[in-house]
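Coordinate inspection notes
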Amino acid sequence: MKEIFENLIMPKRVRERETQNPTDSSNVPPVQRSEIEQGHESDLSRETWTRREFLKTLVAFLGGAAVLGVSGCAFEGEEDEVKDDFEIGRLPDDFWFRVITKIYERFGEDPIPMQIRAHAIIRALGIPSGQVSALTSTEAAVRTDSETDEVIAERLTNRAGVEILPEHISSSDILDLYPDGLPEELKQHLDSRIVEMFEARYEHAAEMKELYGDTEDGEIALRQENYFRLPGGVDLLSIGYTHTSKYQEIHGDYLERISRNASVIAIEGYSDVPYGEKNEEHYQGNGKGAGHYDRLMHRAVRAGFKGLFAEVDARDTRDDWEDLMEINERNPFPFMDDFYEKYLAYIRREHPALYAEIGSEDRFRKLLLLQLTGKPDKEVSHDGRTYCARRAVGSDFEYVLDPEGLEFSRILFSDALSAVKLHLIGRLMADGKISTGPILDFEGSAHLSNKSFFLRYPEYAMEVVLRTFPELISYHKFAEILAWDLEHPDWPEVVRHIAKLAFARTTDNPDRIDSFFYDYLGEYDIDPETVIPSDEEILGIMERTRRGTAIRKGEVSVENPGYSG
């Protein structure tokens, strides 16, 4: 990967800076990178690489197929599990890899500005392009426990999960992956704290089953939990949460038990206050509110939690949202009409193939509306658990099962950016910058399916963040969005927004937490002015890749590589 960036993507000013102070923050341990590059050296070093090769190197070799040993078929030696009253189909291990492959291949072979920018940001922030979640390593990216990596990859992180039929809701909940209990082999290799969380999950599910049976009451039924292992061996448990006092009353003991073993608890942000202020506002409720996050947070602290609260769900802060907004196909956002024209022009420059699929301003408004409203949410209950998913939108603007490349809207923006921020927190842990331990990420259940996908493929998550550029700015302060120049975006400021991490630390006073922002860019000496290639450099990259595609297709020869574009 280093050759690609030095020759194609990394701006000259960054190359000079890294030569003076060489670093490697890709989070892929040297032993793995060596294996990849030895086998595919020509692909990595050629200047005439194509979009398909770009996909293979960034997604396959860093994303799971080579590093984690994706089998390409359903769990070997296991039959699909089907229950008579409710069908649960096992997803093949490479299911999500196939999804991301289709997305990248959908828009052609050559990298385009938005994808080049997304890749540059991901690399600069030191998080992987694709799934490398099974790697335990030191700060110097040296593998420390290959046996543990292999067991956890094979038995947990490589498994795409199950599919709840006929609704087509996917789940990687430990209760669905291993309905008969946590395998002993996993117990021996997982961190004891995450093992206790899993065992508490099984015990609580059994208690709920005994008390409430197959309830379909959303305030009683268990919600999904998705496990993910961030690079460096950091455990992340994303937990579906119902925002009612009844839910907190019924499940509070369980949530308290798992929270005391966490090092970071991420609490969902909202649109009524700016990013970074919601945790403290929640906590000021002193646990006496209507059973919301205030009670969850206070119970965790009383149970012994002494870690950091984090806010990763960045939302917009439109104070008069309801007054401004009239939800219909003509006006899904409270912006002046020429805003859509400017937004589409931005998409056309940054992602021409995506612009071509959108086709018109009316279709663009419809696409935004489909992903803005609650219609995509789908819930189904089974065995005392409620599964929820936010559906994607397909090429015909119909709701579909999995992402297909048309992801937009503030909700998907929030899910994509929060996945990136969770990766940043995981890197801080892996590098010993903050206390290491499990991360609990609480959010509404509809967020889990998309966030799980974005966690697997953070480079695509970054692309979705850049697509929803107006949301990236408006979460900071709504009034600023109309002042931004969509024709000439302030890319260093974009990087600052993306890397902004909001924490709150516990104090000796159980009624108070202190909010602060962590200077991630400063911690890793990342200059936002040098992260993203200039427009001229991106044009040069695109020209070289177009020429490479033309040579590969035989349209021009290596001896006479003339190509007019």
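It should be emphasised that the depicted structure is a prediction, and the values quoted were computed from it without experimental measurement. (Residues numbered from 1 in each chain as written. Predicted model: local features only at pLDDT ≥ 70, side-chain atom pairs only at ≥ 80, totals over all residues. Heavy atoms only, no water.)

1. Quick word on the overall build of the protein chain
Applicable threshold: Every helix listed is a DSSP run of H or I at least four residues long, and every strand listed is a run of E at least two residues long, numbered separately from the N terminus. We call a residue buried when its accessible area falls under 20% of the maximum for its residue type, exposed when it is over 50%, and partly exposed in between, using a 1.4 Å probe and counting protein chains only. Whether two residues are in contact is decided by their heavy atoms, any of which lying within 4.5 Å being enough. In these tables, accessible area is a Shrake-Rupley quantity obtained with a 1.4 Å probe, and a residue counts as shielded only by the protein chains included in the view.
Across its full length, the protein chain holds 25 helices and 15 strands. Expressed as a percentage of the 565 residues in the protein chain, the buried residues total 60%. Across the protein chain, contacts joining residues at least 24 apart in sequence account for 75% of those joining residues at least 6 apart. Counting every atom, the protein chain has about 22,300 Å² of accessible surface; 45% of that belongs to carbon and sulfur.

2. Some words on the pattern of salt bridges
To be explicit about the condition: Criterion for a salt bridge: a side-chain nitrogen of Lys or Arg within 4 Å of a carboxyl oxygen of Asp or Glu.
One pass over the full model with this rule turns up 30 salt bridges. With a shortest N-O distance of 2.3 Å, Lys209 and Asp214 are connected by a salt bridge. When the shortest N-O distance is used, the salt bridge between Asp431 and Arg427 registers 3.3 Å. For Asp431, a relative accessible area of 10% translates into the label buried. Given a relative accessible area of 6%, Arg427 falls into the buried group. Three or more residues joined by partner-sharing salt bridges are found here, namely Asp176, Lys209, Asp214, Asp383 and Arg385.

3. Looking at the environment of Met297
Tracing the chain through its elements places Met297 in helix α14 (residues 293-302). According to the relative accessible area criterion, Met297 is buried, its value standing at 1%. Sequence separation of Met297 and Phe309 is 12 residues, and the distance between their C-alpha atoms is 8.5 Å. If we ignore the near neighbours within four places in the chain, the residues touching Met297 are Ile267, Asn279, His282, Tyr283, Phe309 and Ile513.

4. Section: a negative patch on the surface
Selection rule: The patches described consist of residues with a relative accessible area above 30% and no salt bridge, like charges being joined within 9 Å and nonpolar side chains (Val, Leu, Ile, Met, Phe, Trp, Tyr) within 5 Å. His residues and chain termini do not enter the charge count, which takes Lys and Arg as positive and Asp and Glu as negative. In plain terms, the charge of a residue is placed at NZ if it is Lys, CZ if Arg, CG if Asp and CD if Glu.
Together, Asp145, Glu147, Glu150 and Glu154 give the surface a local cluster of negative charge. As for its position among the elements, Asp145 is in the loop between α7 (113-125) and α8 (146-157).

5. A word on the confidence of the model for the protein chain
Test applied: A score between 0 and 100, pLDDT records how confident the predictor is in each residue.
Put simply, the protein chain has an average pLDDT of 75, and 71% of its residues get 70 or more. Across the protein chain, helix α24 (residues 520-523) holds the top mean pLDDT of 97, while helix α4 (residues 41-45) sits lowest at 26. In the model, residues 1-85 has pLDDT below 50 throughout and makes 182 contacts with residues more than four positions away in sequence or in other chains. Low pLDDT, under 50, characterises residues 560-565; the stretch is placed with 8 contacts to residues that sit more than four places away or in other chains.

6. Examining the sheet that holds strand β8 (residues 308-311)
The condition that has to hold: Pairing between two strands requires that DSSP report at least two bridges joining them. Between the N-to-C directions of two axes lies an angle of 0 to 180 degrees, each axis being a line fitted to C-alpha atoms and, for a helix, fitted only over the stretch in contact.
Taken in spatial order, the 7 strands of this open sheet run β5-β6-β13-β7-β8-β14-β15, and their pairing is mixed. Pairing within the sheet leaves two strands with one partner each, and these edge strands are β5 (225-230) and β15 (513-518). Averaged over neighbouring strand pairs, the angle between their axes works out to 25° when direction is ignored. Strand direction decides the pairing type here: β8 and strand β14 (residues 501-506), joined by 4 bridges, are antiparallel. Note on β14: the bridge partner recorded for Glu311 is Ala502.

7. Examining the pairing of β5
For β5, a buried count of 6 out of 6 residues is recorded, marking the element as mostly surrounded by other parts of the structure. Alternating residues of β5 divide into Glu225, Tyr227 and Arg229 and Asn226, Phe228 and Leu230, and every residue in both groups is buried. One ladder, built from 6 bridges, connects β5 with strand β6 (residues 234-240); its direction is antiparallel. Paired with Phe228 across the strands is Leu236, a residue of β6. Between the antiparallel neighbours β5 and β6 lie 3 residues, among them Gly232 with a positive phi of about 95°.

8. A word on the side chain of Asp173
With respect to the element layout, Asp173 can be found in the loop between β3 (169-171) and α9 (174-177). Here Asp173 is in contact with Arg201, Arg223, Gln224, Glu225 and Asn226, once residues within four sequence places are set aside.

9. A word on the nonpolar core
The criterion, for reference: Buried Ala, Val, Leu, Ile, Met, Phe, Trp, Tyr and Cys residues that are joined via side-chain atoms within 4.5 Å together make up what is termed a nonpolar core.
Leu125 and Ile498 are the most contacted members of the largest nonpolar core, which has 85 residues in total. Non-local contacts of Leu125, meaning those with residues more than four positions away in its chain, are made with Leu424, Arg427, Met462, Ile498, Ala499, Tyr520, Leu521 and Ile526. Membership of the second largest hydrophobic core comes to 44 residues, among which are Leu177, Tyr283, Met297 and Phe442.

10. Focus: unusual backbone geometry
Despite not being glycine, Asp383 has its phi angle at roughly 55°, a positive value. Tracing the chain through its elements places Asp383 in the loop between β9 (377-382) and β10 (385-390). A relative accessible area of 29% means that Asp383 is categorised as partly exposed. Of note in this structure, Phe397 is not a glycine but carries a positive phi near 60°. One can find Phe397 in the loop between β11 (392-393) and β12 (399-400). Judged by its relative accessible area of 7%, Phe397 is buried.

11. Some details on the packing of helix α12 (residues 245-259) against α14
Note the cut-off: An angle counts as roughly parallel when it lies under 35 degrees, as roughly antiparallel when it exceeds 145, as roughly perpendicular when it falls between 65 and 115, and as oblique in every other case. Helix crossings get a hand from a simple test, with the near helix turned counterclockwise from the far one by less than a right angle marking a left-handed crossing and a clockwise turn marking a right-handed one. Classes in brief: Ala, Val, Leu, Ile, Met, Phe, Trp, Tyr, Cys and Pro nonpolar; Asp, Glu, Lys and Arg charged; the others, Gly included, polar.
Put simply, α12 and α14 touch, their axes get as near as 9 Å, and they point 40° apart. When the axis of α12 is compared with that of α14, the two are oblique. In this structure, α12 meets α14 at a crossing whose hand is right-handed. In contact with Gln248, Gly252, Asp253, Leu255, Glu256 and Ser259 of α12, α14 contributes Arg295, Leu296, Arg299 and Ala300. Its residues assigned to classes, the contact of α12 with α14 comprises 3 nonpolar, 3 polar and 4 charged.

12. Looking at the sheet that holds strand β1 (residues 87-90)
Pairing between the strands of a sheet is mediated by backbone hydrogen bonds and can be parallel or antiparallel. Across the sheet, 3 strands lie side by side as β1-β2-β3; this open sheet has antiparallel pairing. Of all the strands in the sheet, the pair left with one neighbour each is β1 and β3. Across the sheet, the mean angle separating the axes of adjacent strands is 30° when strand polarity is ignored.

13. Overview of the packing of aromatic side chains
Formally: To pair, rings of Phe, Tyr and Trp, with the six-membered ring standing in for Trp, must have centres within 6.5 Å; the planes then decide the type, stacked if under 30 degrees apart, edge-to-face if over 60, and tilted in the middle.
Evaluated as defined, the whole model comprises 19 aromatic pairs. Ring centres of Tyr104 and Tyr460 lie 6.4 Å apart, and the angle between their planes is 75°; this geometry places the pair in the edge-to-face category. Taken as a pair, Tyr104 in helix α6 (residues 95-106) and Tyr460 in helix α21 (residues 458-467) lie far apart in primary sequence, 356 residues in all. For the pair formed by Tyr104 and Tyr460, the shared burial category is buried. With a centroid separation of 6.2 Å and 45° between ring planes, the pair formed by Tyr283 and Phe309 is classed as tilted. Of this pair, Tyr283 sits in helix α13 (residues 278-283) while Phe309 sits in strand β8, and the two are 26 residues apart along the sequence. Here a set of aromatic residues connected by ring pairs shows up, and it is made of Phe95, Trp96, Tyr104, Phe453, Phe454, Tyr457 and Tyr460.

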